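# Observations on chain architecture
Read off the chains here:
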Amino acid sequence: MSNTNSTKVAFIGTGIMGVAICGHILDAGFDLTVHNRTKSKAEALLARGAKWADTPADAAREADVVFTMVGYPTDVEDVYLASDGLIRAARKGAYLIDLTTSSPQLARDIHDAAEVEDKHAFDCPVTGGQAGAEAGTLTLIIGATEEQAAPVLPLLQTFGKKLFYFDAPGAGQTAKLCNQVSLASCMVGYADALALAEQGHLDAHKVLDLMASGTGGSGASASLAPKSLEGDYKPGFMAEHLRKDIALALRSAQEAELALPGAETAFALFDTLCQVGGARMGTQALTLLYAEEGDAAAAGLDWSLLDADDGCCCGGEEGGCGCGGHHEDGHECCGGHGHHEDGHECCGGHHEEGGEHHCCCHGEA
């Protein structure tokens, strides 16, 4: 890879985290071209010297390194593998690095397609949220060997503090899904704990301090639970994206014939949160599912939406079924979890409200 002054970088997807990552790339002196479906989200970068491209293909055509950070596996597939996608549009020898949390199999497919075209693609999902992106301290989870990623290391280090190499295409995605499964279960744990503390008329902040002093605490309870208590539901990482990540993990587990009961419970809760209006809230809004109906409504949730939605258990949010799951028989959703063969089984959990049990998959218990 050439030096900073001559290396051309393209970045596809300037959302909450992408725009911050691009800022670090600019600060490091790289020539940067950006594309986003909504151009206004890139205006701040253009004002700082980034160039604009009307399509992902236009952004990538002259780039030495192309980063993508889009919403869902379907978006990743389209950006890379469509007839006018990055695999064909990028120059020979270019590096194509996907920062999206996506499907391990899709990452392998993209890697293989790139190699045929004499290009280098690897998955590199990140963790650390908006705060980590803004601080340039993200953890990078790399589906390549250290040697394979070495040519782009200076770029990766502009926004990543810790780098973990998992040595094989798709392995970065699998490792990220492991992280997300643990995160989601930890969030359910602290939400349960806070609900129990409230029911027992305890000081929830003291309960969090207690948890932090022993093994009951977690990174989620340390960084997100205080926001829940403050009623701060602004997204550092949106609930609909964690729902998508858990769905991907459940699909991988199903393919391996592995049961993940904790992840299924977490999916049920986050799916419910997304359906009742919390899709674009921060993940810490999970605690609103335990709140009094009036308090939840004041924060923006609407429980009537749960019964009104007769569609997919992944909800009808932008991007559709986050896991990329198919519905050939009208029943399978999010990796095959949540079937209703006997009318009672439901994605691992129910929510009780007003004496009724609301199933996240739109069925009554």
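Residues numbered from 1 in each chain as written. Predicted model: local features only at pLDDT ≥ 70, side-chain atom pairs only at ≥ 80, totals over all residues. Heavy atoms only, no water.

### Overview of the overall build of the chain
Within the chain, the regular secondary structure consists of 17 helices and 11 strands. Expressed as a percentage of the 365 residues in the chain, the buried residues total 49%. In the chain, the share of contacts with a sequence separation of at least 24, taken over all contacts with a separation of at least 6, comes to 64%. (Helix = DSSP H or I, 4+ residues; strand = E, 2+ residues; numbered from the N terminus. Buried < 20%, exposed > 50% of the residue type's maximum accessible area, 1.4 Å probe, protein only. Contact = heavy atoms within 4.5 Å.)

### Structural notes on the pattern of salt bridges
Counting across every chain of the model gives 10 salt bridges. Salt-bridge contacts for Arg61 lead to Asp58; the nearest nitrogen and oxygen are separated by 2.9 Å. A relative accessible area of 40% means that Asp58 is categorised as partly exposed. A salt bridge links Asp232 to Lys234, with the shortest nitrogen-to-oxygen separation between them at 3.0 Å. Taking the relative accessible area as the measure of exposure, Lys234 reaches 59% and is therefore exposed. (Salt bridge = Lys/Arg side-chain N within 4 Å of Asp/Glu carboxyl O.)

### Digging into the confidence of the model for the chain
In the predicted model, the chain carries a mean pLDDT of 87, and 83% of its residues have values of at least 70. Below a pLDDT of 50 lies the segment residues 310-365, which in the model reaches 116 contacts outside its immediate sequence neighbourhood of four places, other chains included. (pLDDT = per-residue confidence, 0-100.)

### Let's talk about unusual backbone geometry
Located in the positive-phi region is Asp167, a residue other than glycine, with phi close to 75°. The phi dihedral of His201 is positive, around 60°, even though this residue is not glycine.

### Some points on the pairing of strand E4 (residues 65-68)
Of the two faces of E4, both are covered, the one formed by Val65 and Phe67 as well as the one formed by Val66 and Thr68. Pairing geometry for strand E1 (residues 8-12) and E4, over 4 bridges, is parallel. Of the residues in E4, the one forming a bridge with Ala10 is Val66. Of the strand pairs in this sheet, E4 and strand E5 (residues 95-98) are connected by 4 bridges, and their pairing is parallel. What sits directly across from Phe67, in E5, is Ile97. (Pairing = 2+ DSSP bridges.)

### Some words on the packing of aromatic side chains
Scanning all chains against the criterion turns up 2 aromatic pairs. Ring geometry for Phe11 against Phe67: centres 5.9 Å apart, planes inclined by 35°, an arrangement best described as tilted. A residue pair is termed long-range when its members are at least 10 positions apart, and Phe11 in strand E1 and Phe67 in strand E4 qualify at 56 residues. In this structure Phe67 comes out as buried when scored by relative accessible area, which is 0%. Each residue in the set Phe11, Phe67 and Phe159 is aromatic and connected to the rest through ring pairs, giving one cluster. (Phe/Tyr/Trp six-rings, centres within 6.5 Å; stacked < 30°, edge-to-face > 60°.)

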